[in-house]
Every structure is written in C-alpha cells, then in structure tokens.
Amino acid sequence: MSPVIALRAPLDEDLAGFITLLARLGVPHRVAEQGNEQVLWVPDEQIAGQVRELYARVPQGDPNFQPAHAPVASSPPGIAAQARRSPLTLVVLALTLLVALLTWGGEDYDVVRWLSFVDFHIDGQYIYFATFAQAMDSGQWWRLLTPMLLHFGILHLAMNGLWYWELGRRIEAHQGALMLLLLTLWFGLAANVAQYVYGGPALFGGLSGVLYGLLGHCWLFQWLAPNAAYRLPRGVLVSMLVWLLICMTGVFELLQFGAIANAAHVGGLVAGCLTGAIGGLLARQMTRR
C-alpha cells in the first residue's frame, strides 16, 4: 500500500496542535518538508479523507474535540491483497515460471535456444552461436528481451523472483502497471544489450539485470523525491551494490561457480539510475507547484 498525501500547509503554519490530536487518536502519519510547504502523509485515501475533514473542523487540534468517527488505521494488507494490487508484477513472475517449466530450469537447450539473445547449436561438447546481425536479419526481434525470462536452476529463479516481487510491486503501486511494464522492458533491453556488447555471443539470462534497474530507479527516485513506497532499508541497497562489486571481481568464475552476467547488472543499474533521476526530478517539480 502506498501512502497518500492528506494535507499540504505553508512552512510558517504551526501544525503541532493538529499533529498532537492525530497522535492522541492513534492515526498513523508522517510530516515532511517538500519545497516550500509541509506535507502530511497517511497510510491510505480513506484515512486521508477523514484527516482532511478533521482538519477542516479543528485545524489547531482542539484537545476537547471528540469526532463522531475518529480515523481508524487500516491493517497492513496480506499477501492476497498485495497480489490483487500488483497484477503486472504477478504476470511477469508467471511468465518467468512458465519459461522455467518449458526449459526445465534452463536444461532443455532445444527450447532455450529460441529465447537466448542469439541462436546457437550444440555439437558434442562445443556450442556455436549465430551473430546478432543474423538474428535481426531473420526478424527475431524478441531475442532483445526474452533472455530476462530465462533462468538456470531453481535457486536462480527463486532469488530473482523474490526480488522482482519486492521491487516490482513498489513501482506498480506508486507509478502504475504501465510504468512498471515500460521500465521492465527498458531495463531488460539495456541489460541484454550491455551483456552482449561486453561479453560477445554467450548463453546468459535472468531477471537480475532488470532487478538492478528497479533498484537504481527506486534509489535515485527516492533520493530526489522522498516517498514511502521507494524507501528501502539502507542494508538492502548496500548489500546489492557490494554483491555487484564482488561479482565483478571474477571470484565466482575462479571458484567455478559459473559465469555471472556482470555487464547485464551494470547495464540495468545505469538504466535504472537514469529513469530514477528523471522520474524523481519530475516528481519533485510536481510537488513544488
């Protein structure tokens, strides 16, 4: 659930009495300074309407005022409620699960080859890749995006799926399903192209490039235009950036844990920081109007 703005007031207006009244009534709220005004946030629109009505009656927070219907905080939504509010997030996760089933976790190369960035065939112990130009000349434009749906193993799928659920539903709740769709496609494209340009023809896939895009988007957006939906625990941001740096050292390849598409992660992160900066600046301009 994304918090909503209940009130806006000039910086020189004293809201202390009204805030005290809200606290006495048990109304969850947060006051922040944005631009040249004070902004009062509450959990949902229903509470926001009640708070506005209360403010219209007692803007100074009359301690003797007893409203007929005090605003009541709604309980945090459960998994089912969150799922109903995040249809696009669920669609993407369902597609990744479907692809995982069709490819047997990335082990059925006859199916994988149709979703990889470029086509390939296996001859004995060797794998031979077509070129990007061949893929485009034959009209296989879907290959620009479909690698993000490929996952190799249940752990790969589970980790990426959990992070997409956590980050995707935040963006869907705050900026809508269409924006999440556009961002997912943009980050997937940026990550796939970056990996191919840097690493050349190779078999790679996964939502991790998209995830770093979503992370960068939330990070820069929240920094420029603070909002509760994109506020991530500092440990989450630091741990994911540290993990990216560790992966870039090549230690996992040396330990023979498998190759990691580092360029895809960096490409997604850069693309996400770009959209987050643009979105955050636009949101900050809107709040100042």
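Calculation rules
- Residues numbered from 1 in each chain as written.
- Predicted model: local features only at pLDDT ≥ 70, side-chain atom pairs only at ≥ 80, totals over all residues.
- Heavy atoms only, no water.
- UniProt positions renumbered as here; feature names shortened; annotations may be inferred.
- Helix = DSSP H or I, 4+ residues; strand = E, 2+ residues; numbered from the N terminus.
- Pairing = 2+ DSSP bridges.
- Axes fitted to C-alpha atoms, helices over the stretch in contact; angles between N-to-C directions.
- Patch = residues over 30% accessible without salt bridge, like charges linked within 9 Å, V, L, I, M, F, W, Y side chains within 5 Å.
- Areas by Shrake-Rupley, 256 points an atom, 1.4 Å probe, with all protein chains shown as cover.
- Salt bridge = Lys/Arg side-chain N within 4 Å of Asp/Glu carboxyl O.
- 1 Å grid on protein atoms, 1.4 Å probe; cavity = no way out; pocket = protein on both sides within 12 Å on 5 of 7 lines; lining within 4 Å.
- Points joined across faces, edges and corners; volume = space filled by probe spheres on them.
- Nonpolar A, V, L, I, M, F, W, Y, C, P; charged D, E, K, R; others polar.

Engineer: It is not clear to me how the UniProt feature "transmembrane region" (unreviewed entry) in the chain should be interpreted in this structure. Could you clarify?
Structural biologist: Taken from the UniProt record, the annotation "transmembrane region" (unreviewed entry) applies to residues 88–106, 144–165, 177–198, 204–224, 236–257 and 263–283. A distance of 23 Å separates the end C-alpha atoms of residues 144–165, which is 55% helix and 0% strand. The span residues 177–198 carries 100% helix and 0% strand; its end-to-end C-alpha distance comes to 31 Å.

Engineer: What am I meant to see in the sheet that holds strand 1 (residues 4–10) here?
Structural biologist: Within a beta sheet, neighbouring strands are joined by backbone hydrogen bonds and run either parallel or antiparallel to one another. The three strands are arranged 1-3-2 in an open sheet whose pairing can be described as antiparallel. Two strands close off the open sheet at either side, each with one partner strand: strand 1 and strand 2 (30–34). Strand-to-strand, the axes of this sheet are offset by a mean angle of 30°, without reference to chain direction. Across six bridges, strand 1 lies against strand 3 (residues 37–42) in antiparallel orientation. Its bridge partner lying in strand 3, R8 is registered against V39.

Engineer: Got a minute to help me understand a nonpolar patch on the surface in this structure?
Structural biologist: Nonpolar side chains collect at one region of the surface, where V91, L95, L98 and L102 lie side by side and expose about 350 Å² of accessible area between them. On the secondary structure map, L102 appears in helix 4 (residues 87–102).

Engineer: How should I be thinking about the layout of surface pockets in this particular structure?
Structural biologist: Rolled over the atoms, a probe with the dimensions of a water molecule shows which regions are left empty. Space inside the largest pocket adds up to approximately 1,200 Å³. Taken together, 38 residues line the largest pocket, and the ones lying closest to its centre are H156, S208, I260, A261 and H265. In the lining of the largest pocket, the residues fall into 24 nonpolar, 13 polar and one charged.

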